[in-house]
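# A structural walkthrough
So you can see what is in the structure, the chains are spelled out below.
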Amino acid sequence: MNFRATVLTLYPEMFPGPLGVSLAGRALSEGKWSLETVQIRDFATDRHRTVDDTPAGGGAGMVMRADVLARAIDHASPADDVRPRLLMSPRGLPLTQRRVRQLAGGQGVIIVCGRFEGVDQRVIEARGLEEVSVGDYILSGGEPAALVLLDAVVRLLPGVMGNEMSGEEESFEKGLLEHPHYTRPPEWEGRPIPEVLLSGNHAKIAAWRRGEAERLTAARRPDLLEDRDQPFEK
Ligand code: SAH
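So, how was this worked out
Residues numbered from 1 in each chain as written. Predicted model: local features only at pLDDT ≥ 70, side-chain atom pairs only at ≥ 80, totals over all residues. Heavy atoms only, no water. Helix = DSSP H or I, 4+ residues; strand = E, 2+ residues; numbered from the N terminus. Salt bridge = Lys/Arg side-chain N within 4 Å of Asp/Glu carboxyl O. Near = heavy atom within 4 Å. Polar contact = N/O pair within 3.5 Å; in protein donor to acceptor, adjacent residues only side chain to side chain. Areas by Shrake-Rupley, 256 points an atom, 1.4 Å probe, with all protein chains shown as cover. Nonpolar A, V, L, I, M, F, W, Y, C, P; charged D, E, K, R; others polar. Pairing = 2+ DSSP bridges. Core = buried A, V, L, I, M, F, W, Y, C linked by side-chain atoms within 4.5 Å. Buried < 20%, exposed > 50% of the residue type's maximum accessible area, 1.4 Å probe, protein only. Contact = heavy atoms within 4.5 Å. Axes fitted to C-alpha atoms, helices over the stretch in contact; angles between N-to-C directions.

## Some thoughts on unusual backbone geometry
- Residues Phe 15 and Pro 16 are joined by a peptide bond in cis, for which omega reads 0°.
- Along the chain, Pro 16 falls in the loop between strand E1 (3-9) and helix H1 (22-29).
- Omega for the bond connecting Arg 184 with Pro 185 falls within 30 degrees of zero, at 0°, which places this linkage in the cis form.
- Considering the arrangement of structural elements, one finds Pro 185 in the loop between helix H5 (143-154) and strand E8 (187-188).
- For Arg 49, which is not a glycine, the phi torsion comes out positive at approximately 55°.
- Mapped onto the fold, Arg 49 is located in the loop between strand E2 (33-39) and strand E3 (52-53).

Here it is in structure tokens:
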């Protein structure tokens, strides 16, 4: 098994969920990656199997306990585990295609899914958790974020994406949003396909797509153009 994902969660029944169907699901059943869940609650020690407590300093909500979470992490990922330990967190660096590619080139990931107000800061530091965000909005838990991250990574694993999709040509891979797509019929509700795409002139088609990609990127995501001086892939 090349790529091993281990997800620490209070809701293991959310997995594989959408990752059990289509591209990722086929790859999972073909053994191209593996998915293991760890129930964090199994590492609580009291009678009520408590995983959270009130925030130090007061305030609303509950915080996941460092000791319980650390026991779960140590069980799932011994000290010699080379896989990065991620914590899904709105405070993390936003996930990018570059980081997704790096992760897909590694041996797997440990993913901690937060709940409540989040996790005790001390376990983040003591276990070297890398906080990763999937966007500037708040989810009720880290599980949907973990599903997003794994979906993006798994499709890049060797042998997962067939010819049905081209990983190289997509949005972000060249630091640009992708050009628009068209397919048959040639005219639909009075809207024709741009003529150049039917011309058979591959150089012209490539130039048109490139121009559309640049135009869309400048209009919607000028921040991507500013980043383009740095090499996108690593
Ligand atoms: N009080 C926190 C939000 C907690 S949301 C704050 O204001 O920052 C509960 C859990 O959902 C988090 O611990 C995290 O694991 C997950 N989560 C919420 N939004 C997320 C996002 N945008 N990206 C990744 N994980 C997120």
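## Remarks on the pattern of salt bridges
- With the rule as written, the count across this model stands at 13 salt bridges.
- In this structure, the salt-bridge partner of Lys 32 is Glu 30, at a minimum N-O distance of 2.7 Å.
- As a salt-bridge pair, Asp 223 and Arg 221 come within 2.9 Å of each other at their nearest N and O atoms.

## With respect to the site of the ligand
- Within the structure, the ligand sits among 18 residues, and Met 88, Gly 114, Gly 135, Tyr 137 and Leu 139 are positioned closest to it.
- Residue Met 88 places a main-chain N or O atom 2.6 Å away from an oxygen atom belonging to the ligand.
- Contacts to the ligand include Gly 142, whose backbone N or O atom sits 3.4 Å from an oxygen atom.
- Summarising the interface, the protein chains cover 84% of the accessible area of the ligand, which totals 560 Å² for the free molecule.
- When residues in the shell around the ligand are grouped by element, the largest group, three residues, is from strand E5 (residues 85-94).
- Grouping the amino acids of the shell around the ligand by side-chain chemistry returns nine nonpolar, eight polar and one charged.

## What about the pairing of E5?
- One ladder, built from four bridges, connects E5 with strand E6 (residues 108-113); its direction is parallel. From the neighbouring strand, Arg 85 faces E6, where its bridge partner is Ile 110.

## Overview of the nonpolar core
- Counting residues in each nonpolar core, the largest one holds 30 residues, and the members touching the most others are Trp 33, Val 109, Ile 111, Leu 149 and Leu 150.
- Ranked by residue count, the leading element in this core is H5, at eight residues.
- Sequence-distant contacts of Ile 111, defined by excluding residues within four places in its chain, comprise Thr 6, Val 7, Leu 8, Leu 86, Met 88, Ala 146, Leu 149 and Leu 150.
- Grouped together as the second largest cluster of nonpolar side chains are 22 residues, Ile 40, Val 68, Ala 72 and Leu 129 included.

## A closer look at the sheet that holds strand E7 (residues 130-133)
- In spatial order, the strands read E2-E1-E6-E5-E7; together these five strands make up an open sheet with parallel pairing. Of all the strands in the sheet, the pair left with one neighbour each is E2 and E7. Going from strand to strand, the sheet's axes swing by 35° on average, the running direction of each strand aside.
- Bridge count for E1 against E2 is seven bridges, and the pairing is parallel. Along E2, the bridge assignment pairs Val 7 with Thr 37.

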